[in-house]
Amino acid sequence: MSEASPEVLRRTPLYESHVRHGARLVPFAGWEMPVQYSGVIDEVKAVRTAAGLFDVSHMGELHVSGPGALAWLNSVTTNDVSRLRAGRAQYSLLLDEEAGIIDDIIVYYLAEDEYLVVVNASNTDKDREWLEGKLVPGVTLDDSSAVTALVAIQGPAAEAVLQPLCSGPLGALRRFGFAAGEVAGVECLVSRTGYTGEDGFELFTQGDVASVWEALIAAGEGRVKPCGLGARDVLRVEAGNVLYGHEIWQETNPLSAGLMWTVKMDKGPFVGRERLAEYVEAGAALTVIGLTSGSRVVPRQDYVIRKDGADVGFVTSGTFSPTLQKPIGIGYLPPEVATPGTEVDVVVRERAEKMTVTELPFYRAARQ
């Protein structure tokens, strides 16, 4: 019997740059990605105090166009796309008919009848196929993921580092605003978005992304550190951001996941709306919560949460927070025991560790 062939991992256009800068590379969602460079704690501190640079080229980019694009997008996403204007983006969800979360996405209004939908790397094929199955006349869906690179610069120094390389004023961009221009002479779409809880920008390009990457490091003059997936995950947990495959998956719904702010029930019909209305009327059986520990024990994904000796919930993400200098986690609990300040037990290797239910986010940047 022959052995199964090893998975062939895809590489982003920045692979050689990662190797040159000493990244440790690991498999992630079918890609060979940097998990760290100088170390997770060092990279987290860089983002919180200066700036960090992330390769997120593995994310998916789907272009929606045509005279029916607006109405169609409103029928398959939870947020109200009609509220967008050119140069603005919105966080949204794709739901199935049972209101299960297929993916969390960002929709960009590029121009009249033209939108960009950014999806999670692990879900790109699934999302595209699901959306293709919902297409109607007057709407075209094109996948540009294979030719689009995406770099994120995040942190309080991000604007100061990026601005000298940009052809347009960054100060004019509000949160979730974007504009086309050049960065280090390369055509980019510059978006004031990110996943770390800090101010920052994401740069989409089909040009020479490696030159943009190197120019940002050089312009930082020591203030910009390349960062990997390890730091990105710690930063998003500190910021209370949910991650597909951890806090959200197709068996969760926006009510339980604390994402009803992305849902506009009064905009008209959309996939999953009727089932979601039933959930809202009945109330959530479980709700997403934060956890903090007074010890050095870190709550990890799938650890059981107990209250008064009964299993009541579970952990979805956990890490040691370099910013807060303590273990933190995210999980699910019934609403009746989800009040901040409630003490619970997290089962760690058959031992109960005392932890406290905490309001999310754990960390909020001064600008927010």
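Shown above is the structure to which this text applies.
No experiment lies behind these values; they were computed from the predicted model shown.

Colleague: How should I be thinking about the layout of surface pockets in this particular structure?
Modeller: Over the atoms, a rolled probe matching the size of one water molecule traces out where space is still vacant. As a volume, the largest pocket reaches approximately 1,200 Å³. Contributing to the lining of the largest pocket are 46 residues, with Tyr91, Asp104, Gly194, Tyr195 and Asn241 lying nearest its centre. Looking at the lining of the largest pocket, its residues break down into 27 nonpolar, twelve polar and seven charged. Reported here for the second largest pocket is a volume of approximately 280 Å³. Thr148, Leu189, Phe204, Thr205 and Gln206 are, among the 15 residues lining the second largest pocket, the residues nearest its centre. In terms of residue count, strand β11 (residues 186-191) provides more of the lining of the second largest pocket than any other element does, four residues in total. Partitioned by chemical class, the residues of the lining of the second largest pocket number seven nonpolar, six polar and two charged.

Colleague: What's the story with the environment of Tyr37 in this structure? I'm lost.
Modeller: By secondary structure assignment, the location of Tyr37 is in the loop between β2 (31-36) and α2 (40-49). We classify Tyr37 as buried; its relative accessible area is 12%. For the pair Tyr37 and Ala23, spaced 14 residues apart in the sequence, the C-alpha separation amounts to 4.4 Å. Setting aside residues up to four positions removed in sequence, Tyr37 forms contacts with His18, His21, Gly22, Ala23, Glu43, Trp213, Pro226, Cys227 and Gly228. A distance of 2.5 Å separates the side chain of Tyr37 from the side chain of His18, its partner in a polar contact.

Colleague: Hey, could you run me through the sheet that holds strand β4 (residues 60-65) in this one?
Modeller: Strand pairing in a sheet relies on backbone hydrogen bonds, with the paired strands running either antiparallel or parallel. One open sheet accounts for five strands, arranged β5-β6-β7-β4-β8; its pairing is antiparallel. Taken across any chain shown, the strands that pair with only one partner, and hence form the sheet edges, are β5 (89-95) and β8 (140-143). Strand-to-strand twist in this sheet, taken as the mean axis angle between neighbours without regard to direction, amounts to 30°. In this sheet, strand β7 (residues 114-119) lies alongside β4 in antiparallel orientation, the contact comprising six bridges. From the neighbouring strand, Gly60 faces β7, where its bridge partner is Val119.

Colleague: Would you take a moment to explain the side chain of Thr12 for this structure?
Modeller: By the secondary structure assignment, Thr12 is in the segment before α1 (15-20). Contact partners of Thr12, with chain neighbours within four places excluded, come to His18, Trp31, Met33, Asp55, Ser57 and His58.

Colleague: How do you make sense of α2 when you look at a structure like this?
Modeller: Residue pairs spaced three or four apart in an α-helix point in one direction, given the helix's 3.6 residues per turn. Residues of α2 that are buried: Glu43, Val44, Ala46, Val47 and Arg48. Next to the buried residues of α2 lie β2, β3 (51-55), β9 (149-154), β13 (224-227) and α7 (229-238).

Colleague: Whenever I open this one, the pattern of salt bridges confuses me. Can you help?
Modeller: Pairing between side chains of opposite charge can happen when their charged atoms approach one another. Within the structure shown, the criterion is met by 19 salt bridges. Across the salt bridge formed by Arg48 and Glu238, the nearest N and O atoms sit 2.9 Å from each other. Remark: Glu238 occurs in helix α7 and Arg48 occurs in helix α2; sequence separation between them is 190 residues. Ionic pairing is found between Arg192 and Glu159, a salt bridge with its closest N-O pair at 2.7 Å. Taken together, the residues span a long stretch of sequence, with Arg192 in the loop between β11 and β12 (200-205) and Glu159 in helix α5 (residues 158-162) at a distance of 33 residues. A residue is classified by how much of its surface remains accessible, and Arg192, at 9% relative accessible area, is buried. Residue Glu159 is classed as partly exposed on the basis of its relative accessible area of 27%.

Conventions used here
Residues numbered from 1 in each chain as written. Predicted model: local features only at pLDDT ≥ 70, side-chain atom pairs only at ≥ 80, totals over all residues. Heavy atoms only, no water. 1 Å grid on protein atoms, 1.4 Å probe; cavity = no way out; pocket = protein on both sides within 12 Å on 5 of 7 lines; lining within 4 Å. Points joined across faces, edges and corners; volume = space filled by probe spheres on them. Nonpolar A, V, L, I, M, F, W, Y, C, P; charged D, E, K, R; others polar. Helix = DSSP H or I, 4+ residues; strand = E, 2+ residues; numbered from the N terminus. Buried < 20%, exposed > 50% of the residue type's maximum accessible area, 1.4 Å probe, protein only. Contact = heavy atoms within 4.5 Å. Polar contact = N/O pair within 3.5 Å; in protein donor to acceptor, adjacent residues only side chain to side chain. Pairing = 2+ DSSP bridges. Axes fitted to C-alpha atoms, helices over the stretch in contact; angles between N-to-C directions. Salt bridge = Lys/Arg side-chain N within 4 Å of Asp/Glu carboxyl O.

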